[in-house]
Amino acid sequence: MKDKQHRSIHILPKEVASQIAAGEVVERPASVVKELIENSIDADAQVIQVEVKNGGKSLINVIDDGIGMSKSDLELCVKPHATSKILTTEDLEHIYTFGFRGEALSSIASVSRLTITTRQKQSDNAWKIQVEFGREKDVEAVGAPVGTQVKVEDLFLEIPARKKFLKRDSTELSHIAHVVRLFATAHPEIRFELISSNKEIFRSLLEPKGSLVVSPLLGTEIASKLIEIRAQTDNINILGYISPPDEIRFNTKNFYFFINRRPIKSPLLWRATMDAYKGFIQKGSYPAGVIFIEVDPFLVDVNVHPSKQEVRFDEPERFYRLLYHSIKERLELNSKEVFLISEDKNKNDSSKKNYDHSDTNILEKIGFFEKEPSPIYKEIEINRHDSSSYIEVLCKEESKLKGESKKLDAFLLDTSSLKERPIGNLENLEILGQLANSFIICTDKDGLYLIDQHAAHEAILFKRIFDQIKNSQIVKQQLLIPEVLEYPLELIARLNEAKEVFKKVGLDVSDFGQGHIIVHSVPQILIKDKAIKNSVKKLLDLVLDNPHLSKELLLREIAASLACHSAIKAGQRLHKEEIRKLLEEIVQEKVHHCPHGRPIALKLDLDDLYKGFKR
Ligand code: ADP
Ligand code: MG
């Protein structure tokens, strides 16, 4: 702060100002690739080739066969706010092109060595311009095919503050590959190619305009299993492919939204999707899918953020409802189809009796609920099940119901008086039974305990498995028939980096070529599992898809995943001896929380109960 008194206000040098502004658009190599591809699409390209080196840090070269630029346009396009796409603010109301701000090329020019070579069909020669970190050079005539080539070298080299935020090459390459795959999905009529250090990473198959291809984003394996959804109103059109509930994923990254062929991030649409899947998939699992929404541009505003990934909807509830209902109805139909088949098959199956759990619901037993729910209870059940808090805010009728459900809750149990409790002295704990086959109910002289059986067992297993991993004691098992899993090439390129982690947890994996990974051995815990492929994929995803996680964290996550996998499930009926054993293990391992921090035991103090009953 020594020189503070010498400071006075001054206008920033042009270069510094534009480098600061560039941060808005150009965050990392993938954002450069995104801007350049958008420009190529706007220029009616049919083939777009992306070549990168070092994850795009040393080179990004995008070559298209589009309409090209004239010499004067070329001189203009690297200047701030130079655009051929809009003229007036009214034009902002109906944007059909990707670009419109005219700031991508000028931003890129200020933070890299940029060379643009371009030629129009009617021109005999191409024109080339070079800008080095904002310093412009003269335009010269050169030979080149029709179209435009934009070469970006040494991104951020002269801007250390930005350069230091770049991740390792393989991570940046993954981001770039993701961008290319997004565009290939949105524009199946354009041929996309991605080459990294002379190796082909991705090449799209040409399909007619408007067709929905999912394989660039979701792979070819799942593609045939997806179910189609369609919905239409007068000005919103939805077309998509979504995974059936038995083809779930374990992270949220496999679901994509496009509005008017523009890839977007939308908490609203994701919420509608997850709400529609409620009841069809378990907590912690997520659907895969691609949703295309076509809509009049005046119903959405894409001008929210320079990177143009976010949108603002004019009437969000319409979009929410349309998507929610179209997915939900399709899933219901799907589950009916499945049910009809399985019902037929199991006609004489006596194991069905297992589903009768009328004797297990303690609250019901002691008369809290009537056997046949009264009408008001039924209504609330439906409301609770179907509606998210989002809808509750939107629909008046439903929020009225919500009020009633709150009243009922308050009558039954004020959950605020439930306290997180470690279980200490077991001797005095009396086991009453299970609630919803998921929570163990016990008492001692001063209260009532509710124990989440899955979370508790998960916590115990996690502690043991993590210890084994740390001490290299994980038992591995050779697979009789190796599993072969499909993976994007940019993730397979990470196998080497992750070798040590895989070894620690008993996974022997190698590159099988052609976008596949072969699995030779797995941790023994997984071997009993029928869906072993899914479980292994979950572990591989975790490691390959999260290069930013430290080795220690990855091992923790794997231990957590294996623990969750092998733990007693929610909904599983337990015998008293099993419950007793679980309680003993809780005390023995001194666990209080599941690996992700949720409590395993809650206590209702007798004192609070007296208060609740106004005694
Ligand atoms: P915007 O796309 O928002 O207009 P850009 O800075 O990305 O702004 O591009 C500026 C202008 O340069 C565009 O409006 C377009 O006229 C021209 N341009 C950029 N890339 C290409 C390309 N690949 N082919 C033809 N013209 C291009
Ligand atoms: Mg642009």
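Residues numbered from 1 in each chain as written. Chains lettered and ligands numbered in written order. Predicted model: local features only at pLDDT ≥ 70, side-chain atom pairs only at ≥ 80, totals over all residues. Heavy atoms only, no water.

Asker: Honestly, the packing of helix 18 (residues 532-544) against helix 19 (residues 551-566) in this entry has me stumped. Any pointers?
Answerer: When two helices pack together, their arrangement is given by the angle between the helix axes and by the axis-to-axis distance. Contact geometry of helix 18 with helix 19 gives a least axis separation of 10 Å together with a crossing angle of 160°. The angle between helix 18 and helix 19 places the two elements in the roughly antiparallel class. The interaxial crossing formed by helix 18 with helix 19 has right-handed handedness. Of the residues in helix 19, those touching helix 18 at Ser 535, Lys 538, Leu 539, Leu 542 and Val 543 are Leu 554, Glu 557, Ile 558, Ser 561, Leu 562 and His 565. (Axes fitted to C-alpha atoms, helices over the stretch in contact; angles between N-to-C directions. Helix = DSSP H or I, 4+ residues; strand = E, 2+ residues; numbered from the N terminus. Parallel < 35°, antiparallel > 145°, perpendicular 65-115°, else oblique. Left-handed = near helix turned anticlockwise from the far one by under 90°. Contact = heavy atoms within 4.5 Å.)

Asker: Even after reading the chapter, I still don't get the packing of helix 15 (residues 453-470) against helix 20 (residues 576-589), so can you show me in this structure?
Answerer: With their axes 10 Å apart at the nearest point, helix 15 and helix 20 run at an angle of 45° to one another. Judged on the interaxial angle alone, helix 20 and helix 15 are oblique. Considering how the two elements wind past one another, helix 15 and helix 20 form a crossing that is left-handed. Where helix 15 abuts helix 20, its residues Gln 453, Ala 456, His 457, Ile 460, Lys 463 and Arg 464 lie against Leu 582, Glu 585, Ile 586, Gln 588 and Glu 589. When the residues that make up the contact of helix 15 with helix 20 are grouped by side-chain class, the tally is four nonpolar, three polar and four charged. (Nonpolar A, V, L, I, M, F, W, Y, C, P; charged D, E, K, R; others polar.)

Asker: Is there a simple way to explain the sheet that holds strand 22 (residues 508-513) in this structure?
Answerer: Strands pair in a sheet through their backbones, by hydrogen bonds, and they do so in one of two ways: parallel or antiparallel. Taken together, three strands build an open sheet; the order of strands is 21-23-22 and the sheet is antiparallel. On the outer flanks of this sheet lie strand 21 (476-486) and strand 22, each paired with one strand and no other. Put simply, the sheet's adjacent strands are angled 20° from each other on average, direction ignored. Here seven bridges tie strand 21 to strand 23 (residues 516-523), and the two strands are oriented antiparallel to one another. (Pairing = 2+ DSSP bridges.)

Asker: Would you mind going over the pattern of salt bridges with me for this structure?
Answerer: Oppositely charged side chains are able to pair whenever their charged atoms sit close together. With the rule as written, the count across this model stands at 36 salt bridges. When the shortest N-O distance is used, the salt bridge between Arg 168 and Glu 497 registers 2.9 Å. A residue pair is termed long-range when its members are at least 10 positions apart, and Arg 168 in the loop between helix 5 (160-163) and helix 6 (169-186) and Glu 497 in the loop between helix 16 (489-492) and helix 17 (499-504) qualify at 329 residues. One network of salt bridges, in which partners are shared, links Lys 463, Arg 464, Lys 581, Glu 585 and Glu 589. (Salt bridge = Lys/Arg side-chain N within 4 Å of Asp/Glu carboxyl O.)

Asker: I tried to follow helix 19 on my own but got confused; where do I start?
Answerer: Because each turn of an α-helix spans 3.6 residues, side chains separated by three or four positions in sequence point in the same direction. Compared with an ideal rise of 1.5 Å per residue, which puts 16 residues at 22 Å, helix 19 spans 23 Å between its outermost C-alpha atoms and is within 8% of the ideal. Residues of helix 19 that are buried: Leu 554, Leu 555, Ile 558, Ala 559, Ala 560, Ser 561, Leu 562 and Ala 563. Looking at the buried side of helix 19, the elements it contacts are helix 15, helix 17, strand 23 and helix 18. (Expected span 1.5 Å × (residues − 1). Buried < 20%, exposed > 50% of the residue type's maximum accessible area, 1.4 Å probe, protein only.)

Asker: What is the right way to read the nonpolar core from this model?
Answerer: Nonpolar side chains in soluble globular proteins generally cluster together in the buried interior. Ile 37, Ile 116 and Phe 192 are the most contacted members of the largest nonpolar core, which totals 46 residues. The leading source of residues in this core is helix 6, at seven residues. Among all residues touching Ile 37, those that are not within four sequence positions of it are Ile 48, Val 50, Val 179, Val 180, Phe 183 and Phe 192. In terms of nonpolar packing, the next biggest core, distinct from the first, is built from 37 residues, Val 519, Leu 526, Leu 540 and Ile 558 among them. (Core = buried A, V, L, I, M, F, W, Y, C linked by side-chain atoms within 4.5 Å.)

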